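Breakdown of the fold
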Amino acid sequence: MGDASELMSLLAFQRALADFAASPNLCREAIADPVPVLDRYDLSPRERFRLASMVRDPLMETNCVLYRVNRVTPIYVFFPLTCHVLGPDLRGELDVFWSTCAAVDLQYLPETERFAGFLRNRARRGELKNSFVEETVEYESTITALRFAARDSDPLLRIVKFLHDPAVLLEVAARGGIIPEDIPQGEYWVLLDASGPDLTVSRLTLEAVSKLRSCHSRDPESAGSHSRVTGFTDHDVLH
Amino acid sequence: MLPPGTASPLGVGILYNPALAEFLHANLKAVDYVSVIPDTFWTDQGMGTRGRYREISRYVEFLDWLACYRPLVVHGLGMSIGSAQLFDREHLEQLSAWFERYRFRWHSEHLSYARIPVEGGGEHNAGLALPVPYDAEVLEMIGARVALVREAIQAPFLLENNVYYAEIPHQEMSETEFLNRLCRSGSCGLLLDLHNVHTNAVNHGIDARAFIDALDLAAVLEIHIAGGNEIGGVYTDSHAGPCPREVWELLEYIAARTPNLLGITFEFHESYNDLLNEDGIQAQLGKAREIWETRPSLCLS
């Protein structure tokens, strides 16, 4: 199956080509001075020549664009409201995300989990100043988790906490409007129910949340801003 | 050439995406088979992990329903058959288990790589399917892997011609020579993606018909048709809605000359579902069917 040294060189070539596709900056570096960039890889003379030529090919830029399109697709599919809430900050956040978190795989669920974790950390550290992002991320990552959950494992119910009226926030984000700064603030909870054929979203009364606090083994707040729940009745929700 | 009788012609199919669930529920008669990307029906915890593949219940339930009414074929993403120093036997076992379960009529992979092993274990994903150099060592490496796939799964195995942007210079073989030599042993067939050919023709100035003429068309078992669009002035294989005129012309040009063709598959990205809508999908499938029915083999039957 090929000479071992040839295959090692092929591996180095493939690794370098993937690195170029992932990083327009690396491409620019290699165009300006290919030797130090290519020296990072254990390449045969032929592979060095090939890469030095490819990185100058104007179509290398298309590889870089497609890398980004492929990585943004799962984020946009599963976090459309978060993308909207981020607005003009989205591009910068994606740049930071991609520069700090290389693609380990391109599966939708892990990729969206990585992105959600990234935004949560940025918001907690104060590096992302947006009042609505944390709750929107929580809401959409919970929906995504339910979508991928095994039907026979857990009760397919979750609650998510909002600090702004979700009826206003989610409606404005869903229709692509500008998020007003004066959305009513407070403690709001929504119930996500994926036990039927379609996901349903309902607002919970605060009484229902109190009941949950008293009877559920885990305090919803101590468990974070979303929790798995059981035992709700139709009287507990505001449809 | 593949041993005869390993699969019979199916007709016109569609590559499944989640936006198609409603369409297929309502219009199953529009397709003779459905092609599915198995990797989108599970999450993969990574090589060597226990319970590595976790199926996504909702998606698999739909597939179980679909499999009752239409033949399935598989179009894989995860094998990364062109990766140096990485061949994932666990992935092959998973595909084999799915073959036992769904008896897909044939299966295919891209002639490219996306997975790259990293020092100290684990792997990195390139984020897109990148082409392999058409060199003898790569031909030998992939040929050996094809043999392993054929041994594990008793269904025809096809490899798809690449779309490429930055071209790899000084390759030892042309793409058509590489494909012909790969298929010559009879262990794999060719999934000829006409939109890939068209995209390469637009971006690299190759003559699409000359490319087709240089192929051993007896090895072509499936044809993919799709649309694309321009990104930054470059034509891309984005599966953006309907097929362009050039792809239909290539399909007409080749359909009657592929004696072992099993199916023509229309593919589009789910984000273009609203652009195409039900009528648009029907129109694409109808046009593909018209061309399929001009095939001499169908007249004989």
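Residues and elements named next belong to chain B. With respect to burial, helix α5 (residues 175-184) is a largely interior element, 7 of its 10 residues being buried. Buried within α5 we find Glu175, Thr176, Phe178, Leu179, Asn180, Leu182 and Cys183. Positive phi shows up at Gly186, right after α5, with a value of about 85 degrees.

All names here are of chain B. A barrel is described by the order of its strands in space; here 8 strands give the closed sequence β1-β2-β5-β6-β9-β10-β11-β14, paired in parallel fashion. Taking the axes of each pair of neighbouring strands and ignoring which way they run, one obtains an average angle of 25 degrees across the sheet. Pairing geometry for strand β11 (residues 220-225) and strand β14 (residues 263-266), over 4 bridges, is parallel. Bridge pairing links His224 to Thr265 in β14. Helix α8 (residues 245-255) rests against β10 (189-193), β11 and β14 of the sheet, and its axis sits at about 160 degrees to β11.

We now examine the pairing of strand β9 (residues 157-160) of chain B. Residue and element names in this part refer to chain B. Where burial is concerned, the two faces of β9 agree: the one with Phe157 and Leu159 and the one with Leu158 and Glu160 are both buried. Two elements, strand β6 (residues 107-110) and β9, share 4 bridges in a ladder whose sense is parallel. Looking at the pairing, Ser108 lines up with Leu158 of β9. The pairing of β9 with β10 spans 3 bridges and is classified as parallel.

Taken residue by residue, the interface counts 47 residues in chain B and 48 residues in chain A. Taking both partners together, chain B and chain A bury about 4100 Å²; carbon and sulfur atoms supply 59% of that area. When residues of chain B are sorted by the area they lose upon contact with chain A, Arg58, Glu137 and Ala166 of chain B head the list and together hold 17% of the total. Note that Glu137 of chain B and Arg46 of chain A form a salt bridge whose closest N and O atoms lie 3.7 Å from each other. Joining chain B to chain A, the criterion identifies 12 residue pairs in polar contact (both at pLDDT 80 or more).

Cut-offs and rules
- Residues numbered from 1 in each chain as written.
- Chains lettered and ligands numbered in written order.
- Predicted model: local features only at pLDDT ≥ 70, side-chain atom pairs only at ≥ 80, totals over all residues.
- Heavy atoms only, no water.
- Buried < 20%, exposed > 50% of the residue type's maximum accessible area, 1.4 Å probe, protein only.
- Helix = DSSP H or I, 4+ residues; strand = E, 2+ residues; numbered from the N terminus.
- Pairing = 2+ DSSP bridges.
- Axes fitted to C-alpha atoms, helices over the stretch in contact; angles between N-to-C directions.
- Contact = heavy atoms within 4.5 Å.
- Buried area = accessible area lost by both parts, 1.4 Å probe.
- Salt bridge = Lys/Arg side-chain N within 4 Å of Asp/Glu carboxyl O.
- Polar contact = N/O pair within 3.5 Å; in protein donor to acceptor, adjacent residues only side chain to side chain.

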